[in-house]
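Per-entry structural report
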Amino acid sequence: MLLPLFVIVPLFVAQGATNAAIPGGQALIQHLLEGLIRVGIFVGYLLLVSRSSEIRRVFQYHGAEHMTIHALEHDEPGPTELARPVTVEELQTLDPDAT
(Lines give C-alpha, C1' and ligand atoms only; values in the text may rest on other atoms or scores of the structure.)
Protein backbone atom coordinates (compact mmCIF):
# COMPACT_ATOMS: atom_id res chain seq x y z
CA MET A 1 0.00 0.00 0.00
CA LEU A 2 2.79 2.44 0.86
CA LEU A 3 5.09 1.28 -1.94
CA PRO A 4 3.51 3.64 -4.49
CA LEU A 5 3.68 6.53 -2.03
CA PHE A 6 7.36 6.14 -1.16
CA VAL A 7 8.74 4.77 -4.43
CA ILE A 8 6.58 5.37 -7.48
CA VAL A 9 5.22 8.85 -6.72
CA PRO A 10 8.67 10.41 -6.03
CA LEU A 11 10.06 8.76 -9.15
CA PHE A 12 7.43 10.17 -11.50
CA VAL A 13 7.26 13.60 -9.83
CA ALA A 14 11.04 14.00 -9.95
CA GLN A 15 11.21 12.74 -13.50
CA GLY A 16 8.46 15.12 -14.64
CA ALA A 17 9.94 18.11 -12.81
CA THR A 18 13.45 17.44 -14.09
CA ASN A 19 12.27 17.03 -17.69
CA ALA A 20 10.21 20.22 -17.43
CA ALA A 21 13.05 22.27 -15.95
CA ILE A 22 15.93 20.80 -17.94
CA PRO A 23 15.05 19.46 -21.39
CA GLY A 24 16.74 16.10 -21.79
CA GLY A 25 17.02 15.89 -18.00
CA GLN A 26 20.03 15.17 -15.85
CA ALA A 27 20.15 11.98 -13.84
CA LEU A 28 21.94 13.54 -10.85
CA ILE A 29 19.41 16.32 -10.43
CA GLN A 30 16.54 13.87 -10.86
CA HIS A 31 17.96 11.55 -8.18
CA LEU A 32 18.55 14.44 -5.75
CA LEU A 33 15.03 15.73 -6.30
CA GLU A 34 13.62 12.23 -5.88
CA GLY A 35 15.49 11.86 -2.59
CA LEU A 36 14.21 15.20 -1.30
CA ILE A 37 10.66 14.23 -2.20
CA ARG A 38 11.05 10.91 -0.37
CA VAL A 39 12.41 12.62 2.74
CA GLY A 40 9.54 15.12 2.63
CA ILE A 41 6.95 12.36 2.30
CA PHE A 42 8.59 10.37 5.12
CA VAL A 43 8.69 13.35 7.51
CA GLY A 44 5.10 14.24 6.64
CA TYR A 45 4.08 10.61 7.23
CA LEU A 46 5.79 10.59 10.63
CA LEU A 47 4.10 13.85 11.62
CA LEU A 48 0.72 12.54 10.54
CA VAL A 49 1.12 9.16 12.26
CA SER A 50 2.49 10.71 15.47
CA ARG A 51 -0.82 12.49 16.00
CA SER A 52 -2.26 9.14 17.10
CA SER A 53 -2.16 8.70 20.87
CA GLU A 54 -1.17 5.04 20.52
CA ILE A 55 1.79 5.83 18.29
CA ARG A 56 2.80 8.73 20.54
CA ARG A 57 2.95 6.23 23.41
CA VAL A 58 5.11 3.90 21.30
CA PHE A 59 7.50 6.81 20.64
CA GLN A 60 7.66 7.49 24.39
CA TYR A 61 8.53 3.88 25.16
CA HIS A 62 11.12 3.90 22.39
CA GLY A 63 12.71 7.06 23.82
CA ALA A 64 12.80 5.46 27.27
CA GLU A 65 14.61 2.46 25.81
CA HIS A 66 17.26 4.78 24.36
CA MET A 67 17.66 6.56 27.70
CA THR A 68 18.08 3.24 29.50
CA ILE A 69 20.70 1.93 27.07
CA HIS A 70 22.59 5.25 27.16
CA ALA A 71 22.69 5.15 30.97
CA LEU A 72 23.83 1.53 30.92
CA GLU A 73 26.62 2.17 28.40
CA HIS A 74 27.94 5.21 30.31
CA ASP A 75 27.72 3.70 33.82
CA GLU A 76 25.19 6.31 34.86
CA PRO A 77 22.23 5.70 37.15
CA GLY A 78 19.36 4.30 35.13
CA PRO A 79 15.96 5.93 34.80
CA THR A 80 14.57 3.71 37.58
CA GLU A 81 17.06 5.12 40.08
CA LEU A 82 16.12 8.66 39.06
CA ALA A 83 12.37 8.07 39.01
CA ARG A 84 10.20 9.54 41.69
CA PRO A 85 7.56 7.50 43.49
CA VAL A 86 4.14 7.57 41.81
CA THR A 87 0.90 7.57 43.75
CA VAL A 88 -2.04 5.38 42.80
CA GLU A 89 -4.00 8.48 41.77
CA GLU A 90 -1.21 9.59 39.41
CA LEU A 91 -1.01 6.10 37.97
CA GLN A 92 -4.74 6.06 37.31
CA THR A 93 -4.51 9.36 35.44
CA LEU A 94 -1.64 8.02 33.34
CA ASP A 95 -3.28 4.68 32.63
CA PRO A 96 -6.84 4.04 33.86
CA ASP A 97 -6.55 0.31 33.08
CA ALA A 98 -3.41 -0.14 35.24
CA THR A 99 -5.25 -0.74 38.51
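None of the values given here were measured: they were computed from a predicted structure.

Here the focus is helix α2 (residues 27-49). The end-to-end C-alpha distance of α2 is 32 Å, a good match for the 33 Å that 23 residues give at a rise of 1.5 Å each. Every buried residue of α2 is accounted for by Gln30, Glu34, Ile37 and Ile41. Tucked into the core, α2 has its buried residues touching α1 (3-21).

Right, let's talk about unusual backbone geometry for a bit. One non-glycine residue, aspartate 75, adopts positive backbone phi at about 50°. Checked against the element boundaries, aspartate 75 lands in the loop between α3 (53-73) and α4 (79-82). Among the residues examined, aspartate 75 registers a relative accessible area of 74% and is labelled exposed.

Turning next to the environment of glutamine 26. Mapped onto the secondary structure, glutamine 26 falls in the loop between α1 and α2. The spacing of glutamine 26 and glutamine 15 is eleven residues in sequence and 9.4 Å in space, taken between C-alpha atoms.

All right, on to the packing of α1 against α2 then. At a minimum axis distance of 8 Å, the contact between α1 and α2 shows a crossing angle of 135°. Between α1 and α2, the angle falls in the class oblique. The interaxial crossing formed by α1 with α2 has right-handed handedness. Here Leu5, Phe6, Val7, Pro10, Leu11, Val13, Ala14, Gln15, Ala17 and Thr18 of α1 come into contact with α2, specifically with Ile29, Gln30, Leu33, Glu34, Ile37, Arg38, Ile41, Phe42 and Tyr45. Class assignment of the residues belonging to the contact of α1 with α2 gives a composition of 14 nonpolar, three polar and two charged.

Cut-offs used in this document
- Residues numbered from 1 in each chain as written.
- Predicted model: local features only at pLDDT ≥ 70, side-chain atom pairs only at ≥ 80, totals over all residues.
- Heavy atoms only, no water.
- Helix = DSSP H or I, 4+ residues; strand = E, 2+ residues; numbered from the N terminus.
- Expected span 1.5 Å × (residues − 1).
- Buried < 20%, exposed > 50% of the residue type's maximum accessible area, 1.4 Å probe, protein only.
- Contact = heavy atoms within 4.5 Å.
- Axes fitted to C-alpha atoms, helices over the stretch in contact; angles between N-to-C directions.
- Parallel < 35°, antiparallel > 145°, perpendicular 65-115°, else oblique.
- Left-handed = near helix turned anticlockwise from the far one by under 90°.
- Nonpolar A, V, L, I, M, F, W, Y, C, P; charged D, E, K, R; others polar.

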